[in-house]
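Structural features, examined
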Amino acid sequence: MKRALILLLVLLLNVSCTLAEQPYEAAMRNARQALENQGYPVSDDAFAMAVEQINTMQDLYARAGIQATVTQHDMVYQLLLCEGIGEYDYDAMVFTPTSDKIYVFDAEFFNIEGMYTEFLQGVQAILPDAQITAVREDLSGMNEYLEGSRKVFFEFNGHSYVVTLKSQGDWLNAEIIDFLNKVLTTEDLPGRLHIVSDAYDQMVFLIYGTEEEAASLRLLIGTEAPQESSNPLLEWLGNLLGL
């Protein structure tokens, strides 16, 4: 009798787990495994968040009478987004990275005065052999309308660097990525920073590694063309705003 009750309990638990599984969850696990195979593990929290967001978006489409197919590219994108976006305390304006493999950020920053400080925090998290310290931003070259330029000072493995960047309002100037890649060359580090997201995506997916690794990840995401030294979206906005 006891054995029968145990078997019944196991059966009920299995049925409960099956019923509790959300739509797309099985396919999302496959996408998660594909990312892990390429060296980009996704935490349980990020996975759960990605599944929830995919299902929420599909529910919104359905209510609007829109039939939208979720592809593996979509799932990989959402998994990486949730893994690399980090945590942000908007009251204290404190950013905390959540991945040491990928840094995902909105190119339009909330913390305008400290956008490059936050950006370098995210970059630091994915650089295994470097320390970025003593970050300081000099905004004296900008006016109240955010026109002009700012200087960003920092130390990279104990060596001092400074870069002057034209202000693009609350949008990050992507030239900082070019500058950092030059620093990586100077410091004789083997990898480079690569943007693997689409050229016109406001969410920027940044990794550190080889071009081959970046190309493989772009295939999983479904990015058609690499976005490297410049950001066409930011350039277009800059021209539109006269920045």
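Each value, and the rule that gives it
The written sequence of each chain sets the order in which its residues are numbered from 1. The predicted origin of the model limits local features to residues at a pLDDT of at least 70 and limits the giving and counting of side-chain atom pairs to 80 or more, whereas totals for whole chains, interfaces and linings rest on all residues. Only heavy atoms go into the side-chain values, all of them from the structure, while hydrogens and water stay out. To obtain each axis, a line is fitted to C-alpha atoms, and for helices this fit is confined to the stretch in contact; angles are then taken between N-to-C directions over 0 to 180 degrees. Only DSSP runs of H or I reaching four residues or more are called helices, and only runs of E reaching two or more are called strands; each is numbered from the N terminus. Relative orientations are named as follows: roughly parallel for angles under 35 degrees, roughly antiparallel for angles over 145 degrees, roughly perpendicular for angles from 65 to 115 degrees, and oblique for any other angle. Two helices that cross are described as forming a left-handed crossing if the nearer one is turned anticlockwise from the farther one by less than a right angle, and a right-handed crossing if clockwise. Whether two residues are in contact is decided by their heavy atoms: any pair within 4.5 Å suffices. Each residue gets one of three labels, nonpolar for Ala, Val, Leu, Ile, Met, Phe, Trp, Tyr, Cys and Pro, charged for Asp, Glu, Lys and Arg, and polar for the others, Gly among them. The predictor attaches a confidence to each residue, and that confidence, scored 0 to 100, is pLDDT. The span you would expect from a helix comes to 1.5 Å times its residue count less one. Exposure is judged per residue with a 1.4 Å probe applied to protein chains only, and the accessible area is read against the type maximum: over 50% gives exposed, under 20% gives buried, and values in between give partly exposed. The arc under discussion is defined with respect to the helix axis, by the directions toward the C-beta atoms.

**A word on the packing of helix α2 (residues 25–37) against helix α4 (residues 72–84)**
- Their axes nearest at 9 Å, the elements α2 and α4 cross at an angle of 65°. It follows that α2 is roughly perpendicular to α4 by the angle criterion. Crossing handedness for the pair α2 and α4: right-handed. In this structure, α2 contributes A27, M28, N30, A31, R32, A34 and L35 to the contact, and α4 contributes Q72, M75, V76, L79 and L80.
- Looking at side-chain class alone, the contact of α2 with α4 contains 9 nonpolar, 2 polar and 1 charged residues.

**Notes on the confidence of the model for the protein**
- Mean pLDDT for the protein: 87, with 83% of residues reaching 70 or above.
- Confidence drops under a pLDDT of 50 for residues 1–20, and excluding neighbours within four residues, the segment shows 0 contacts in the predicted structure.

**Points about helix α3 (residues 44–63)**
- Between its first and last C-alpha atoms α3 spans 29 Å; for 20 residues at 1.5 Å apiece the expected length is 28 Å, and the two agree.
- When α3 is considered as a whole, its buried residues turn out to be A46, F47, A50, V51, I54, N55 and Q58. Buried residues of α3, viewed axially, fall in a sector of 160°; they line one side. Residues of α3 that are exposed and point over 90 degrees away from its buried face: D45, L60 and R63.
- Turning to α3, the residues buried within the fold contact α2 and α4.

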